[in-house]
Amino acid sequence: MKPLATIGKPIAHDSAALHVSGAATYVDDIPEIEGTLHVVPGFARDGAKGTIIKCDLSAVRAAPGVVCVLMPGDIPARNDCSPAAGDDPILAKGEIAFHGQVIFAVVGETREAARRAARLAVIEIEKQKPVVTVQDALASPVPDLLKPYAFTSKRIAAALKSAPHRVKGSLKIGGQEQFYLEGQVAYAVPQEKGGMLVHSSTQHPTEIQHCVAAMLGVDDAKVTCECRRMGGGFGGKESQAAQWAALAALAAHVTGRPAKCRLDRDDDMMLTGKRHDFEAAFDVGFAKDLRVAGMSADLFARCGYSADLSDAICDRAMFHADNAYFYPEYHIGTRRLKTNTVSNTAFRGFGGPQGVLFAEAMMQAAAITLGCDALSLRKKNLYTRARNETPYGQKIGEHVLAEIVATLEKTSAYQRRRKEIAAFNARNRILKKGLALVPVKFGISFTFTQMNQAGALVHVYGDGSVHLNHGGTEMGQGLYLKVAQVVAETFGIDVGHVAITATRTDKVPNTSPTAASSGTDLNGMAAQRAALAIKERMAELAAKKLGVRKTALVFAGGKVSAGGKSLSFAELATACKAARISLSSTGYYATPGIHWDRPSGKGHPFFYFANGASCSEVLIDTLTGEMKVTRVDILQDVGLSLNSAIDIGQIEGGFVQGMGWLTTEELVFDAEGRLRTHAPSTYKIPCASDVPEDFRVALFASKGNKVDSIYRSKAVGEPPLLLPISVWCAVVDAVASLKPGVVPQLDAPATPEAIMRAVKSMGGP
Ligand code: MTE
Ligand code: HPA
Ligand code: MOS
């Protein structure tokens, strides 16, 4: 095999220079067409649940700069922007189910005019008491939003009963706001004959196309959605970019003028869904050798008022409640609770982080109760070749975690620091240190099997340059570059000759969202197949021209060569054109070998697992609850990396984002169901100064993904978000030093207040 020229190289993000100089074009940077209007959603300022008894919009309509006000009756066909269930009205009619639900939309000559006008609405809600928290929902007679679901083995009760050691506990796991830097935005431009072009900041252009077409009552083929890039999506634009695109398109349809809908940041935070918060309870039995004999868990998720993606998210939480551990007997139950809060949605990890945090909180509590080192307990319970079946029937086919953990244990000097920290804690009454080394296993594939497909479109021009398009979207994660590297490698040309182009539903149709970390796996394969189809045709002609066997040809270094003879790739492209050979192809890929039978709870939903581990050290002040992450070591398995610069960037960014989830980002809803933390002033996302001072990120020396993924690489988008679970566990470890054998009651996020509560639960410093 020829050595790889482009794959594996730490090439900078194709838009890096544009990002830092402000020259990258986001939807709001597209030059506005003359006559562009602006749409601002309107909602009741008071009330979360109830009937709309008054909706007087006369002052809104009369306000300067207002062109019209959109109401449900303006929608020509379907008033819905849900991904599947049909329970998310674009404009609510008759009643509202959460504070911030959109009732009308103002269309103005400027955004400012429309924003001012929206505030003039007089809306009255006949208020009913909202169901806000998980506890409210459990106590309320309101039925669950979705059916409960569980993986339960037959002998779980007996296994728990006969276990020599038993540990029980519970914890609250907070939600998280995506806080993409570019908020939700869409720009709709009417086309000839009732067509509509929608520029949308979306992870799912096909869903935008479909939602807008269904709303207007036109064929999908009449609507095109384009997305060049997002300034972050993080799951928040998988399903919930649709409402804003629909409102822009509705305004464009009603007025015949281009219309843009760009949410104000506070509105964005109130009106769009977040990571699901959970409450979890466990009852786990250990055998004499400290291996789990049986594990029983119940997870309660706050889903909000509508289904959105909650079923798949709660399922993924269940798929990850084992993290990396073998449970011979198990019960993993979930309830999907309906609350009068915004519909929670996808967020990096998609329920997986909540499942793994649960498992690790349990391991941490068990280690304290059993009086053993948490790392040794974790190592003892890892999946092995003999103990390798997950609660959902998939067998673990690749066992690298033991090696990853052992390597990190050495490189992070875990054992030495464990002793040093014990000595430090013995010396210091107020300041306490904690340390935790935690493995992470994350399943790669959409668990809804049919979503695991992708398409691409590749053209080679007569000058040898290449146009690349595929169904994946770019949100900063480097997908476009990775797929371009695949195409450049296939043709043996420099990646600079591969033009990366915006995702458009009229180029590649019927796409899945870019999500589940599978963007590169799916689109990389589809693009490779498109490029290979063209390469095959080009090779036929090259073989003839050079008088060599086709199989002897090598495409590399911008040349096509065999037996000492060569042609430049550009010359060959020119020759193909002259010889009337097609230089364009689509490519299609569907992940092989995966299946999932939800009714029986058994199958092989994941193509493979991404693995990693992290070791975090923290310092806490038991008088104030302040916490500092003093050192982090990470070892992540990305298979054979396609681009180590991008991969390390994803690991660093994912880790810090996950640290935010677990340490500072706290969503506060009041009893009236209003989100009180709807701006960065009250909702603390990490900033540069929150990055751990001593941050050591390494890629595992992999021999390559065991399954046939693109160049044997592994997905990297979501898994690193779970790594800072070691930070949270280290905080527990630090607090636990206050009283041997007692488990601190720490909830997530471990804010200073939560740490103080945990310290108090131990009787103080
Ligand atoms: N990285 C950046 N910079 N911005 C993002 O919005 N989203 C994450 C992750 N990394 C995100 C990101 C999420 S939620 C997913 S599912 C993956 O990227 C999606 O992209 P991929 O499948 O190409 O990895
Ligand atoms: N992950 C991310 N997004 C999804 C999934 C999933 O498993 N299923 C549906 N949307
Ligand atoms: Mo990512 S939460 O799957 O968009």
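Calculation criteria
- Residue positions are given per chain, counting from 1 as you read along its sequence in written order.
- Labels are handed out in written order, letters beginning with A for the chains and numbers beginning with 1 for the ligands.
- Where local features are concerned, this predicted model is filtered to residues with pLDDT of at least 70; where side-chain atom pairs are given and counted, the filter is 80 or more; whole-chain, interface and lining totals use all residues.
- Values reported for side chains reflect all heavy atoms of the structure, with hydrogen atoms and water molecules removed beforehand.
- Every helix listed is a DSSP run of H or I at least four residues long, and every strand listed is a run of E at least two residues long, numbered separately from the N terminus.
- Partly exposed describes any residue whose relative accessible area lies between the buried limit of under 20% and the exposed limit of over 50%, with all areas from a 1.4 Å probe on protein chains only and scaled to the type maximum.
- The criterion used for residue contact is that any of the two residues' heavy atoms lie within 4.5 Å.
- Residues scored as charged are limited to Lys and Arg (positive) and Asp and Glu (negative), so that His and the chain ends carry no count.
- A charge is said to be at NZ when it belongs to Lys, at CZ for Arg, at CG for Asp and at CD for Glu.
- One requirement defines pairing of two strands: DSSP has to find at least two bridges between them.
- Note on method: axes are straight lines fitted to C-alpha atoms, helices fitted across the in-contact stretch only, with angles between N-to-C directions ranging 0 to 180 degrees.
- Classification of ring pairs uses Phe, Tyr and Trp, with its six-membered ring standing for Trp, and accepts pairs whose centres are within 6.5 Å; under 30 degrees between planes counts as stacked, over 60 as edge-to-face, and the remaining range as tilted.
- Only when the NZ of Lys or the CZ of Arg is both within 6 Å of the ring centre and within 35 degrees of the ring normal is a charge said to sit over the ring.
- The domain limits used here are those given by an automatic or database domain assignment.
- As a working definition, buried area equals the accessible area (1.4 Å probe) given up by two parts on being put together, with both sides summed.
- Only one rule defines a salt bridge in this text: a Lys or Arg side-chain nitrogen within 4 Å of an Asp or Glu carboxyl oxygen.
- Any residue with a non-hydrogen atom lying within 4 Å of a molecule or strand is treated as near it.
- What qualifies as a polar contact is a pair of N or O atoms within 3.5 Å, subject to a donor-acceptor requirement within protein and to the restriction that residues adjacent in sequence count only when both atoms come from side chains.
- The method behind every accessible area is Shrake-Rupley, applied with a 1.4 Å probe, and residues are considered shielded solely by the protein chains displayed.
- To sort the angles, those under 35 degrees are grouped as roughly parallel, those over 145 as roughly antiparallel, those from 65 to 115 as roughly perpendicular, and the leftovers as oblique.
- Here the nonpolar group is Ala, Val, Leu, Ile, Met, Phe, Trp, Tyr, Cys and Pro; Asp, Glu, Lys and Arg are the charged ones; every other residue, Gly included, is treated as polar.

**Student:** Give me the overall build of the protein: which residues, what numbers.
**Tutor:** Along the backbone of the protein there are 19 helices and 29 strands. Projected onto its principal axes, the C-alpha coordinates of the protein cover approximately 80 × 80 × 50 Å. Going through the 765 residues of the protein one by one, you find that 62% of them count as buried. Sequence-distant contacts, at least 24 apart, represent 80% of the contacts inside the protein between residues at least 6 apart. Here the protein contributes 85 positive and 76 negative side-chain charges, whose respective centroids are spaced 6 Å apart.

**Student:** For the sheet that holds strand β23 (residues 565-568), give the residues involved together with the corresponding values.
**Tutor:** Across the sheet, three strands lie side by side as β21-β22-β23; this open sheet has antiparallel pairing. If you trace the sheet from one side to the other, it starts and ends with β21 (554-556) and β23, each paired once. The average angle at which neighbouring strand axes cross in this sheet is 25 degrees, direction not considered. Along the sheet, helix α16 (residues 569-578) makes contact with β21, β22 (559-562) and β23, crossing β23 at roughly 75 degrees.

**Student:** Describe the packing of aromatic side chains, naming the residues involved and giving the relevant values.
**Tutor:** What the rule picks out here adds up to 16 aromatic pairs. Measuring from ring centre to ring centre gives 5.2 Å for F491 and F569, while their planes differ by 45 degrees; the resulting arrangement is tilted. Pair noted here: F491 is in helix α14 (residues 479-491) and F569 is in helix α16, with a separation of 78 residues, a long-range link. Here F491 and F569 have matching classes, each one buried. Through a chain of ring-to-ring contacts, three or more aromatic side chains come together here, namely Y149, F151, F319, Y392, W596, F606 and F609. Geometry around Y26 places R229 over its ring, the cationic atom sitting 5.8 Å from the centre. Seen from the ring of Y187, K260 lies directly overhead, with NZ or CZ sitting 5.5 Å from the centre.

**Student:** Residues and numbers for the domain arrangement of the protein, please.
**Tutor:** On domain assignment, one finds that the protein holds domain 1 (37-128 + 184-262), domain 2 (277-383 + 395-447 + 598-761) and domain 3 (453-590). The gap between the C-alpha centroids of domain 2 and domain 3 is 39 Å. On the domain 3 side, the residues contacting the 21 residues of domain 2 number 22 residues. Across the domain 2 to domain 3 interface the summed buried area is about 1600 Å²; carbon plus sulfur atoms make up 61%. Per-residue buried area on domain 2 facing domain 3 is highest for F446, I710 and Y711; these three make up 41% of the total on that side. At the surface where domain 2 touches domain 3, the tally comes to one salt bridge. For K482, the salt bridge identified is with D647, shortest N-O distance 2.8 Å. Counting residues per element, the ones that place at least two in the side of domain 2 that touches domain 3 are β16 (431-444) and α17 (644-663).

**Student:** Can you explain the site of ligand 1? Please cite residues and give values.
**Tutor:** Not every one of the 17 residues close to ligand 1 is listed here, only the nearest: G233, F234, M475, G519 and Q650. One nitrogen or oxygen atom from the main chain of F234 is found 2.9 Å from an oxygen atom belonging to ligand 1. S517 places a main-chain nitrogen or oxygen 3.4 Å from an oxygen atom of ligand 1. Protein contact buries 92% of the 520 Å² of open area that ligand 1 shows by itself.

**Student:** Explain the environment of G194 residue by residue, including any values.
**Tutor:** Note on placement: G194 falls in the loop between β9 (185-190) and β10 (196-200). Exposure remark for G194: the relative accessible area of 48% places this residue in the partly exposed category. For G194 and K222, which are 28 residues apart along the polypeptide, the C-alpha to C-alpha distance reads 7.2 Å.

**Student:** Describe the pairing of strand β5 (residues 102-108), with residues and values.
**Tutor:** A large share of β5 lies buried, amounting to seven of its seven residues. As paired elements, strand β1 (residues 37-43) and β5 share six bridges and run antiparallel to each other. Paired with F43 across the two strands is V102, which belongs to β5. Here strand β3 (residues 66-70) pairs with β5 via four bridges, running antiparallel. Note that in β5 the partner of V66 across the bridge is G108.

**Student:** Now, about the packing of α17 against helix α18 (residues 725-736): what can you tell me, with residues and values included?
**Tutor:** The N-to-C vectors of α17 and α18 enclose an angle of 40 degrees; their axes lie 8 Å apart at closest approach. With respect to α18, the axis of α17 lies oblique. Between α17 and α18, the residues in contact are F655, M659, L662 and T663 and I725, V727 and W728, respectively. Tallied by class, residues from the contact of α17 with α18 come to six nonpolar, one polar and no charged.

**Student:** Which residues make up the sheet that holds β3, and what values do they have?
**Tutor:** For sheets, the rule is that strands pair by backbone hydrogen bonds, running either parallel or antiparallel. With mixed pairing, eight strands are arranged side by side in an open sheet as β3-β5-β1-β12-β9-β10-β11-β20. The open sheet is flanked by β3 and β20 (503-504), the only strands paired with a single partner. Sheet contacts for helix α6 (residues 205-216): β10, β11 (223-227) and β20; angle to β11, the most-contacted strand, approximately 150 degrees.

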